[in-house]
Amino acid sequence: MTSLTYPLSNVLRKKKSLKRKLLAEDRSWIHKNIAILGGSTSAEIKNALELFLLNVGIKPEFYESEYNKYYEDALFTPSELLEFKPDIIYIHTSQVNIAHYPKLQDSHEMIAQDLQKELDKYQSIWRALAKFDCAIIQNNFDYPLDRSLGNLDAYDPHGKSNFINQLNQRFAEAAQEQKNLYINDINYLSAYMGLKNWFDRSLWYQAKYAMSMDAIPELAFNISKIIKAIFGKSSKCLVLDLDHTCWGGVIGDDGLNGIQIGTETAVAESFTAFQSYVRELKTRGITLAVCSKNDHSNAQEGFSHPDSILKYEDFTAFKANWEPKHQNIAQIAQDINIGLDSLVFIDDNPAERAIVSSQLASVAVPDVGSDVIRFIDYIDRNGYFETVSLSQDDLQRNQYYEDNKKRTEVEASFQSYDEFLQSLEMSAEIKTFSPLYLPRITQLTNKTNQFNLTTKRYSMGEIEQISTQPQYIKLYGKLSDKFGDNGLIAITIGRVEHKTCHIDLWLMSCRVLKRGMEFAMLDELVKQCQSQGIERLLGYYYKSAKNSMVADMYKSFGFSQVAPNEPVTQTHQDTIWQLDLSDYTVQSQHIKVN
Amino acid sequence: MTREEIFNGVQEIFRDIFDEDDLVIEDSTNSDTIEDWDSLNHINLVSAIEKEFKIRFALGELQELKDVGAMIDLMLTKINS
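Residues numbered from 1 in each chain as written. Chains lettered and ligands numbered in written order. Predicted model: local features only at pLDDT ≥ 70, side-chain atom pairs only at ≥ 80, totals over all residues.

### Regarding the interface of chain A and chain B
Definition in use: A pair of residues counts as a contact when their C-beta atoms, built from backbone coordinates, are within 7 Å of each other. Strands are runs of DSSP state E lasting at least two residues, helices are runs of H or I lasting at least four, and both sets are numbered from the N terminus onward. Under the convention adopted here, Pro, Cys and the residues Ala, Val, Leu, Ile, Met, Phe, Trp and Tyr are nonpolar, Asp, Glu, Lys and Arg are charged, and Gly plus all remaining residues are polar.
Each partner contributes to the interface: chain A provides 13 residues, whereas chain B provides 11 residues. Among the elements that take part in the side of chain A that touches chain B, helix α10 (residues 201-207) of chain A stands out by supplying 4 residues, more than any other. By residue class, the composition of the side of chain A that touches chain B is 5 nonpolar, 3 polar and 5 charged.

Structure (structure tokens):
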């Protein structure tokens with residue numbers, strides 16, 4: 001819904017009708033419980049957050065602490081909060097909650113103690129909340145409007161700004177150490193808005209809101225971006241138009257020497273800045289694609305310009321032709337093997353934007369206007385590519401896609417698919433969860449939609465628990481071949497009860513489709529089951545909007561479908577499968593394991 | 001700006017905030033006559049009015065007002081001063 005994207009306007013004024021319209025949308029909602037522990041009034045923050053979450057397909061239930069009871073609720077958890085079982089806890093504190101500012105006569109030692117006291121308060125909150133095994137989103141601190149020390153406030157240790165800078169630094173360090181602790185950077189947000197627009201004294205005195213009514217939607221939007229990233233709903237691929245988007249001018253008409261890119265003119269510089277921003281996204285794992293109405297050779301030539309920051313090789317998919325753009329974009333999603341809702345499309349031409357957004361409703365098509373100088377804002381402020389960590393996997397993702405391109409090229413030269421698979425010289429590591437991989441495992445369980453039999457989502461805490469409990473067989477799989485390493489791409493979690501292993505989770509990254517990895521995983525699962533004397537496997541397929549590709553996976557494994565009259569809950573499209581392990585034969589052929 | 005123009009602008013804001021497209025306000029409308037008009041929505045109303053008409057109410061100024069008519073009278077003096 002465009003009124004819930006950058007630039008925001010009138011969100012609170014229209015909140016009721018926005019909510020009504022969002023709830024009327026026919027989509028498969030993800031339900032999440034969100035506890036707000038507030039150090040100031042949070043009512044309207046909750047309402048705004050609800051809108052932004054609904055807008056990304058998350059239907060939240062809320063728990064709100066009593067006014068300014070964030071500390072009490074965390075340390076002496078009320079039963080209501082315990083029973084609420086939050087998936088996310090948001091701690092809404094800000095500079096108004098700082099109790100121990102340095103006094104002017106304080107020694108450096110005493111200031112250090114003040115800092116420690118403030119920090120201890122939050123450390124004890126985070127420790128106490130660890131029992132929930134859920135994500136904690138913590139505001140850092142904004143600056144107060146006034147600074148009686150003037151500029152000295154920033155660099156004298158007695159200054160409030162100085163104190164806040166140090167606290168924020170400590171918060172950042174805590175978030176680096178503590179998994180599951182995420183910082184909502186209101187220091188940046190308030191700076192972006194301007195402190196005088198961020199804080200409203202009148203509203204603070206009247207209603208104890210620690211930020212202005214204009215700031216509340218911005219704050220809620222910011223929180224929703226973090227939540228979206230935690231649950232793996234951020235976008236993955238940026239699709240770009242070329243003429244007037246990646247460079248000034250029209251490559252087909254103006255030629256390589258005529259397009260505007262580089263630092264010669266202001267206009268050229270603005271396109272260079274846009275390319276540099278896009279390049280930054282690429283280096284942190286965002287996949288790039290081109291969708292342009294151009295001759296392929298002309299389009300490709302544009303990136304050979306000596307001043308072009310982006311090169312032809314930076315694009316995983318490159319569609320420069322005269323077909324309608326929505327068809328090209330659908331093809332791009334298919335080629336890269338990601339959902340349409342993972343794509344963001346930037347084009348200076350409003351007609352092209354209109355056709356794409358009308359034909360492919362789940363592609364994000366911001367109304368960027370026609371001036372490249374504003375494009376970055378639309379990508380950056382909307383938080384499409386928000387991430388909560390720079391996992392090794394994110395940094396390498398583009399390499400995986402590029403390796404896959406080479407594999408596809410090679411595939412064509414083989415007589416049979418088996419021969420091709422054999423030529424890949426695949427080797428896999430399939431082992432029980434180990435601490436090193438838990439963040440990646442959690443990430444995969446939350447963002448894998450297609451090759452996912454049950455689409456069961458796990459929090460980091462749940463994965464940690466499972467990894468220590470003996471009644472679970474929990475396997476991760478990594479796959480590499482002669483073209484490169486695919487990283488950790490498969491997860492199977494089995495729950496053992498009475499000599500039966502219930503397969504609660506079976507997923508695989510689409511990066512390694514049709515490589516036979518699932519058979520290698522099955523072999524290893526069976527091997528572990530047999531060593532524990534388990535007699536049968538029960539597999540579950542829960543149909544979702546996206547996982548039809550695995551509807552028959554258990555069938556292909558040789559499982560037999562359990563008659564629907566078994567005393568297990570089934571809706572008509574969900575199926576249950578079983579496999580007797582007494583005469584199992586190894587199924588994987590092309591992958592060397594462990 | 002005439003009183004009527006202000007009145008219509010305020011009515012639009014009421015319609016948005018209470019999500020009722022055909023809501024009609026009168027000078028005598030107050031928080032007792034609109035069910036949803038609680039303290040939370042009151043703040044929303046005031047801040048939407050401030051934004052729309054580019055005015056600010058001083059602390060306490062609104063507490064003495066008994067209904068919409070009194071508020072619009074106050075707005076009239078602010079806007080046209």
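### Quick notes on the domain arrangement of chain A
Put simply, the rule is: Source of the domain bounds: an automatic or database domain assignment.
For chain A, the domain assignment lists domain 1 (2-230), domain 2 (237-381) and domain 3 (415-593). Once you take the C-alpha centre of each, domain 1 of chain A and domain 2 of chain A turn out to be 35 Å apart.

### A short note on the confidence of the model for chain B
Going by this rule: Each residue carries a pLDDT score, the predictor's own confidence in it, on a scale running from 0 to 100.
When pLDDT is averaged along chain B, the result is 92, and 100% of the positions lie at 70 or above. Overall fold confidence for the complex sits at a pTM of 0.78, while the interface term, ipTM, reaches 0.94.

### Describing helix α2 (residues 39-53) of chain B
All names here are of chain B. Stated precisely, the cut-off is as follows: What a helix is expected to span follows from its residue count: subtract one and scale by 1.5 Å. A residue is called partly exposed when the number of other C-beta atoms within 10 Å of its own lies between 12 and 20, exposed at 12 or fewer, and buried at 20 or more, with C-beta atoms placed from the backbone.
Under the 1.5 Å per step criterion, the end-to-end length of α2 is 21 Å for 15 residues, consistent within 8% with the ideal 21 Å. Within α2 the residues assigned to the buried category are N44, L45, V46, S47, A48 and I49. Contact partners of the buried residues in α2: α1 (3-17). The first or second residue beyond α2 is K54, which carries a positive phi of 50°.

### Describing the packing of helix α2 (residues 43-55) of chain A against helix α11 (residues 215-230) of chain A
Residue and element names in this part refer to chain A. This is how it is decided: Throughout, an axis means a line fitted to C-alpha atoms (over the contacting stretch in the case of helices), and angles, computed between N-to-C directions, take values from 0 to 180 degrees. Oblique is the label for every angle not falling under 35 degrees (roughly parallel), over 145 degrees (roughly antiparallel), or within 65 to 115 degrees (roughly perpendicular). Here a crossing is called left-handed whenever its near helix is offset anticlockwise from the far helix by less than a right angle, and right-handed whenever the offset is clockwise.
Contact geometry for α2 and α11: axes closest at 8 Å, N-to-C directions at 50°. Here α11 runs oblique to α2, going by the angle between their axes. Read as a crossing pair, α2 and α11 show a hand that is right-handed. Two secondary-structure elements touch here, α2 through E44, I45, A48, L49, F52 and L53 and α11 through I216, P217, L219, A220, F221, I223, S224 and I227. Here the residues of the contact of α2 with α11 are counted per class, giving 12 nonpolar, 1 polar and 1 charged.

### Re the environment of A:D583
All names here are of chain A. Relative to the assigned elements, D583 resides in the loop between β16 (575-580) and β17 (591-593). What makes D583 exposed here is the crowd of 5 C-beta atoms within 10 Å. On a C-alpha basis, the gap between D583 and A24 in space is 52 Å, while along the polypeptide they are 559 residues apart.

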